[in-house]
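Descriptive structure summary
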Amino acid sequence: MVRGKTQMKRIENATSRQVTFSKRRNGLMKKAFELSILCDAEVALIVFSPRGRLYEFASSSILETIERYRSHTRINNTPTTSESAENTQHLKEEAENMMKKIDLLETSKRKLLGEGLGTCSIEELQKIEQQLEKSITKIRAKKTQVFREQIDQLKEKEKTLIAENVMLSEKYDSYSSQQAKKDDRENKAEAEPFADQSSPSSDVETELFIGLPETRTRRIPPKLRTN
């Protein structure tokens, strides 16, 4: 929910007034502490609740800070009341202007979200519509840019994968060729002993004779025999 503007007047409800006092007091104490730490400033804060309870904060010693303040005011006790009033008035005007700007921004934000359009005129609605169309155009352009960047990244990844696939295919083909040559050599080496054993020798002639050496007769070819 959008926080509404707080009216600068006394809160009538006692419970709400006490809750607001506790929250604002804690916030004020926190800001005083941050100011003293971040800016190395000497800060003293004194707060009395509506019931008279004292709350205080001091970056060093509150009594020393008060004494320093008194000394400073005595030294600079010159008629500067008018200047102080002018500065105070200027600060108030600046605060009011800032509050008005914040209210305008909050109202514009609610209208862009489609809230609080009941009091808008045709011109205001047309301006809001134009602002939304410009915003949608910018969003779509950014979305298209993101899509293109993702597509380019995917294309680069695809090229890398294709190159890796080609390299792996070449390695596989080389390995297959070497393995085939190795298998061929092993098959030839296994086949050579069987080839030597199966080849007959035609240069050796043997004759088999049965009986005693004296009874052996030489076989005469039929053409050399005589009657």
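Placed above this text is the structure.
Attention here is on the structure that accompanies the text. (Residues numbered from 1 in each chain as written. Predicted model: local features only at pLDDT ≥ 70, side-chain atom pairs only at ≥ 80, totals over all residues. Heavy atoms only, no water.)

**Some details on the environment of Ser22**
Basically, it comes down to this: Here a strand is any run of E in DSSP of at least two residues, a helix any run of H or I of at least four, and the numbering for each starts at the N terminus. Remark: exposure states derive from per-residue accessible area (1.4 Å probe, protein chains only) relative to the maximum for the residue type, with buried under 20%, exposed over 50%, and partly exposed in between.
Among the structural elements, Ser22 can be located in helix α1 (residues 14–38). A relative accessible area of 23% places Ser22 in the partly exposed class. Each C-alpha atom of the pair Ser22 and Ser49 lies 9.2 Å from the other, and the pair is 27 residues apart in sequence.

**Structural notes on the pattern of salt bridges**
This is how the line gets drawn: Salt-bridge detection follows one rule: a side-chain nitrogen of Lys or Arg within 4 Å of a carboxyl oxygen of Asp or Glu.
Inspection of the entire model under this criterion finds 3 salt bridges. One salt bridge in this structure joins Lys111 and Glu124, with 4.0 Å as the shortest N-O distance. One end of the pair, Lys111, is in helix α3 (residues 81–112); the other, Glu124, is in helix α4 (residues 122–198), and 13 residues separate them in sequence.

**What to know about the packing of aromatic side chains**
Condition: Each Phe, Tyr or Trp ring (for Trp, its six-membered ring) is paired with any other whose centre lies within 6.5 Å, and the angle between the two planes then decides the class: stacked below 30 degrees, edge-to-face above 60, tilted in between. As a reminder, the over-ring test applies to NZ of lysine and CZ of arginine, requiring each to be within 6 Å of the ring centre and within 35 degrees of the ring normal.
What the rule picks out here adds up to 2 aromatic pairs. Centroid distance Phe33 to Phe57: 6.4 Å. Interplanar angle 80 degrees. Geometry classified as edge-to-face. Here Phe57 lies in strand β2 (residues 54–58) and Phe33 lies in helix α1, a separation of 24 residues in the sequence. Here Arg25 stacks its cationic end above the ring of Tyr55, 4.2 Å away from the centre of that ring.

**Digging into α1**
Put simply, the test is: Every helix has an expected span of 1.5 Å times one less than the residues it contains. Contacts: residue pairs with any heavy atoms within 4.5 Å of one another. Any pair of nitrogen or oxygen atoms within 3.5 Å is treated as a polar contact; in protein, a donor-acceptor pairing is required on top of that, and neighbouring residues in sequence qualify only through side-chain atoms on both sides.
An ideal rise of 1.5 Å per residue puts 36 Å on 25 residues; α1 measures up with 36 Å between its terminal C-alpha atoms. Here the buried face of α1 lies against β1 (44–48) and β2. N-capping of α1 is provided by Asn13, with a side-chain oxygen placed 3.0 Å from the backbone N of Thr15. Immediately beyond the C-terminal end of α1, within one or two residues, lies Asp40, with a positive phi of roughly 55 degrees.

**Some thoughts on the pairing of β1**
The condition is simple: Note on pairing: DSSP must find at least two bridges between two strands before they are called paired.
Here β1 shows a clear split, with Leu45 and Val47 buried on one side and none of Ala44, Ile46 and Phe48 buried on the other. Pairing of β1 with β2, which is carried by 5 bridges, proceeds in the antiparallel orientation. In the sheet register, Phe48 faces β2, and the bridge partner there is Leu54. Connecting the antiparallel pair β1 and β2 is a turn made up of 5 residues, with Gly52 showing a positive phi of about 90 degrees.

**Quick word on the side chain of Thr65**
When you line up the elements, Thr65 lands in helix α2 (residues 62–75). When sequence neighbours within four positions are dropped, the list of residues in contact with Thr65 reads Glu42, Ala44 and Ser60.

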